[in-house]
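Spelled out from the first residue to the last, the chains are:
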Amino acid sequence: LNNTATANGTDSCDEPVETDEAADSSIPADYTASINITKEANTTGPVLPGDIIEYTIEVCNSGDIDVTEIQVQDTLLPGSPFSVGSLTPGQCQIVTPKPLYTVTQDDVCDGWLNNTATANGTDSCDEPVETDEAADSSIPADYTASINITKEANLSSAQLGDVIEYTYTVENTGNVNLSSIA
């Protein structure tokens, strides 16, 4: 904050009088532009393919200056980036509608559903503001690969020379896709 003052007047002989030098005052202005982000899933897992996860993402202005044009970027969720708008100091905003994600087979094969979100915006001085830390969400996936086979004969008893037909039933009893079954 820079401030300059001058003085002028008239002496007793009606002559103008001005200060030779201006008086200056400079006070440093200090502000903190800061936003933080949190993210929670509506489940702690384990998840299966087809499960729908609802995320609650909240952005807060943790500084002492307004932040505008806030956007949330998410590595996994469709619809990203999400617009939050503007936040005054101390104000928080939840991304609405709450983002949804459908668990895929690949997520389950990876063993974990990992997801990261960050936020950025512009402060009142037109400077960029970003979250210091990303909001991470990791949910375990239920990876179970198993197979079952049953065998049935077309005869309940056999005699020499009878032809027996067998029926095999193979069932995927896990929760991941199986291939090349022999």
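One can find the structure itself at the top, above this paragraph.
As the structure is a computational prediction, the values presented were derived from the model and not from experiment. (Residues numbered from 1 in each chain as written. Predicted model: local features only at pLDDT ≥ 70, side-chain atom pairs only at ≥ 80, totals over all residues. Heavy atoms only, no water.)

**Topic: the state of the cysteines**
Structurally, a disulfide amounts to a covalent bond that connects the sulfur atoms of two cysteines.
Piece 1. Per the stated rule, a full pass over the model turns up one disulfide.
Piece 2. Cys60 shares a disulfide with Cys92; S-S distance 2.0 Å. The sign of the S-S torsion, about 110°, decides the handedness of the disulfide formed by Cys60 and Cys92: right-handed. Here Cys60 is found in strand β6 (residues 52-61), whereas its partner Cys92 is found in strand β9 (residues 92-94), with 32 residues between them in sequence.
Piece 3. The exposure class assigned to Cys92 is partly exposed, which follows from its relative accessible area of 36%. (Disulfide = S-S within 2.5 Å. Helix = DSSP H or I, 4+ residues; strand = E, 2+ residues; numbered from the N terminus. Buried < 20%, exposed > 50% of the residue type's maximum accessible area, 1.4 Å probe, protein only.)

**Here we look at the pattern of salt bridges**
Piece 1. Under the definition given, this model contains one salt bridge.
Piece 2. A salt bridge links Asp74 to Lys39, with the shortest nitrogen-to-oxygen separation between them at 2.4 Å. Of the two residues, Asp74 is situated in strand β7 (residues 67-74) and Lys39 in strand β5 (residues 35-41); the sequence distance between them amounts to 35 residues. Lys39 carries the same exposure label as Asp74, and that label is buried. (Salt bridge = Lys/Arg side-chain N within 4 Å of Asp/Glu carboxyl O.)

**Topic: the side chain of Thr131**
Piece 1. Positionally, Thr131 belongs in the loop between β12 (128-130) and β13 (135-140).
Piece 2. With near-sequence residues (within four places) excluded, Thr131 lies in contact with Ile35, Asn36, Ile37, Thr118 and Ala119. (Contact = heavy atoms within 4.5 Å.)

**With respect to the packing of aromatic side chains**
Piece 1. Counted by the stated rule, this structure contains zero aromatic pairs.
Piece 2. Above the ring of Tyr55, the side-chain terminus of Lys39 is found at 4.9 Å from the ring centroid.
Piece 3. The ring of Tyr166 has Lys151 lying over it, and the distance from NZ or CZ to the ring centre is 4.3 Å. (Phe/Tyr/Trp six-rings, centres within 6.5 Å; stacked < 30°, edge-to-face > 60°. Lys NZ or Arg CZ within 6 Å of the ring centre and 35° of its normal.)

**Some remarks on the nonpolar core**
Piece 1. Ranked by size, the top nonpolar core spans 26 residues in total, and within it Ile37, Tyr55, Val59, Ile70 and Val72 carry the most contacts.
Piece 2. Secondary-structure elements contributing two or more residues to this core are β5, β6, β7, β8 (82-87), β11 (112-123) and β13.
Piece 3. Here this core gets four residues from one element, more than from any other, and that element is β6.
Piece 4. Among residues more than four places away in sequence, those in contact with Ile37 are Ile57, Glu58, Val59, Val72, Ala117, Thr118, Ala119, Thr131, Glu133, Ala134 and Ala135. (Core = buried A, V, L, I, M, F, W, Y, C linked by side-chain atoms within 4.5 Å.)

**Some remarks on the side chain of Ser137**
Piece 1. Looking at the secondary structure, you find Ser137 in strand β13.
Piece 2. Classification of Ser137 as buried rests on a relative accessible area of 8%.
Piece 3. Among residues more than four places away in sequence, those in contact with Ser137 are Lys39, Ala41, Tyr55, Leu113, Asn114 and Asn115.

**What about unusual backbone geometry?**
Piece 1. Residue Pro46 is reached from Gly45 by a cis peptide bond, and omega for that bond is 0°.
Piece 2. Mapped onto the elements, Pro46 comes out in the loop between β5 and β6.
Piece 3. With a phi angle near 60°, Asp126 is a residue other than glycine that sits in the positive phi range.
Piece 4. As for its placement among the helices and strands, Asp126 is situated in the loop between β11 and β12.
Piece 5. Taking relative accessible area as the criterion, Asp126 reaches 65% and is therefore assigned exposed.
Piece 6. One non-glycine residue, Ser180, lies in positive phi territory at about 55°.
Piece 7. Owing to a relative accessible area of 75%, Ser180 belongs among the exposed residues under this scheme.

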